[in-house]
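# Coordinate analysis (summary)
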Amino acid sequence: MAICFYWADKGVGGVPVEYSILINNICRDVKVKLFANKDGFLLNHIKDKSLIDIYFIEDITIKDLSNLIYPEDVLVITTFHEFIYRCEIDCRILFWNVFPTTLISINKLSFFFNRRACQKMFDVMFDKSGIVFMDRTGVENAKINQISIRKKIPYFPVIVEDMPCKYTPSILLEKLLRIVYVGRAINWKVFPMLKIIKDIEKTEFVNKIQITIITDNKINFKHLLGYDSDLKIIFVENLTRSELNSYLLHNCDLYIGMGTSCLDAAKMGIPSVLADYSYSPFPDNYRYTWLYNTNGYCLADLAEKKQISPYDFYLRDLLDDIFIKGISLSTYSEKSYLYVKSKHSIENVRTLFIDYCQNTHLKTSDLQDNTPLRRKEWWLILKGLQKMFSK
């Protein structure tokens, strides 16, 4: 058995980061085949290329691909793009539901076909142990959109490489609390930052807080933010992963954010608060959560649909604890670090991933027989309709 990874995009992103960590840590134990771009981010982050079989997407055809992936191999996919366009491959499949809306979009497409056929496809995926979820958010979004999940949820969480806990609170903390947020310049990652700013402005600590926003395009981020604040706000653009780690370690007392960047902070022991995502302004009564108090490996919920838990808190209350009650951030530091180490450390979850690959019995033919998208032509028609209605 070989574990096969196919990734056509060249740029940086959460999936190629996860793939690179996985490949670097399992390639000594199992055979790995990687299909990627010659100059893409993923290939450039493989540490020892001699340990894996590498095939350049630019140099192979669909026929070549079907000859290189064998029936006993496992193809790891995160969207249905690979399946729709590579349907000639006869192999086993492990679908890693990374993107919360993947199942939703497929289910909505089934409106044009047969909703029961769509449900049957996912039943088959579960019955044959061919699907795993990154976090609870994907599961909840599937349920909200009428996809019934009748089995125990198999999770394979976001993974991080181990780092020693190096965080120490700033000696200037009583004068200036340095909060960092990481997010691309897209609306659903800007609205959380807008909420954080407005929540801080409602307190008496405005002059004691500095916010750093690390993003891919500060001009676009400012435009989407569309808000002038009296807070001290610094923008930093386009850091590499090593630069991000270094920046967080030396310039962050408290991290507030979502996704993998929240894990990047917590893995070094930086106190990490989870902020959710939204495509519109956050509710006024929105509450935050410490990363270590989440469940189902959650790295962000849709803010409007978030279910309040006893562990949730208002940002004002946390700032009161820091500035008025004098509670040390070291209290939260150790909990953040230990949570990531136990739940997301590659050393603790790498064998889980190999087990999932060994145990999947889902074949490409199973998806072809049960999918409501039986022909590539239907997919192309629907993509055209999506573009038409999005204008």
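Notes on the structure in this doc start here. (Residues numbered from 1 in each chain as written. Predicted model: local features only at pLDDT ≥ 70, side-chain atom pairs only at ≥ 80, totals over all residues. Heavy atoms only, no water.)

### Looking at the sheet that holds strand 1 (residues 2–7)
Put simply, the rule reads: Being paired, for any two strands, means DSSP has found at least two bridges between them. Here a helix means four or more residues in a row that DSSP labels H or I, a strand means two or more in a row labelled E, and each is numbered from the N terminus. Axis definition: a line fitted to C-alpha atoms, limited for helices to the stretch in contact. Angles are taken between N-to-C directions and run from 0 to 180 degrees. Note on contacts: a residue pair qualifies if any of its non-hydrogen atoms lie within 4.5 Å across the two residues.
The 6 strands are arranged 3-2-1-4-5-6 in an open sheet whose pairing can be described as parallel. Two strands lie at the open edges of the sheet, namely strand 3 (53–56) and strand 6 (131–133), each paired on one side alone. When the angles between neighbouring strand axes are averaged without regard to direction, this sheet yields 20°. Summarising the sheet, strand 1 and strand 2 (residues 31–36) pair through 6 bridges and their orientation is parallel. Bridge assignment links alanine 2 to a residue of strand 2, and that residue is lysine 31. Each of strand 1, strand 2, strand 4 (74–77) and strand 5 (92–97) is contacted by helix 1 (residues 14–26), which is oriented at about 155° to strand 1, the strand it contacts most. Strands in contact with helix 14 (residues 346–359) are strand 1, strand 4, strand 5 and strand 6; relative to strand 5, the strand with the most contacts, it is inclined by about 135°.

### Some words on the pattern of salt bridges
Rules: Every case where a carboxyl oxygen of Asp or Glu lies within 4 Å of a side-chain nitrogen of Lys or Arg is listed as a salt bridge. Classification of residues uses two cut-offs on accessible area relative to the type maximum, computed with a 1.4 Å probe and protein chains only: under 20% is buried, over 50% is exposed, and between them is partly exposed.
Within this structure, the stated rule accounts for 10 salt bridges. Lysine 38 is paired through a salt bridge with aspartate 59; the nearest N and O atoms lie 3.4 Å apart. With lysine 38 in the loop between strand 2 and helix 2 (41–44) and aspartate 59 in the loop between strand 3 and helix 3 (62–68), this residue pair connects regions lying 21 residues apart in the sequence. Judged by its relative accessible area of 42%, lysine 38 falls in the partly exposed class. Between aspartate 90 and lysine 363 there is a salt bridge, and its shortest N-O distance comes to 3.7 Å. In this pair, aspartate 90 is assigned in the loop between helix 4 (81–85) and strand 5 and lysine 363 in the loop between helix 14 and helix 15 (364–370), connecting sequence segments 273 residues apart. Here aspartate 90 falls in the partly exposed class, since its relative accessible area comes to 39%. Residue classification places lysine 363 among the partly exposed residues on the basis of a relative accessible area of 22%.

In short, shape yes, function no, at least from these values alone.
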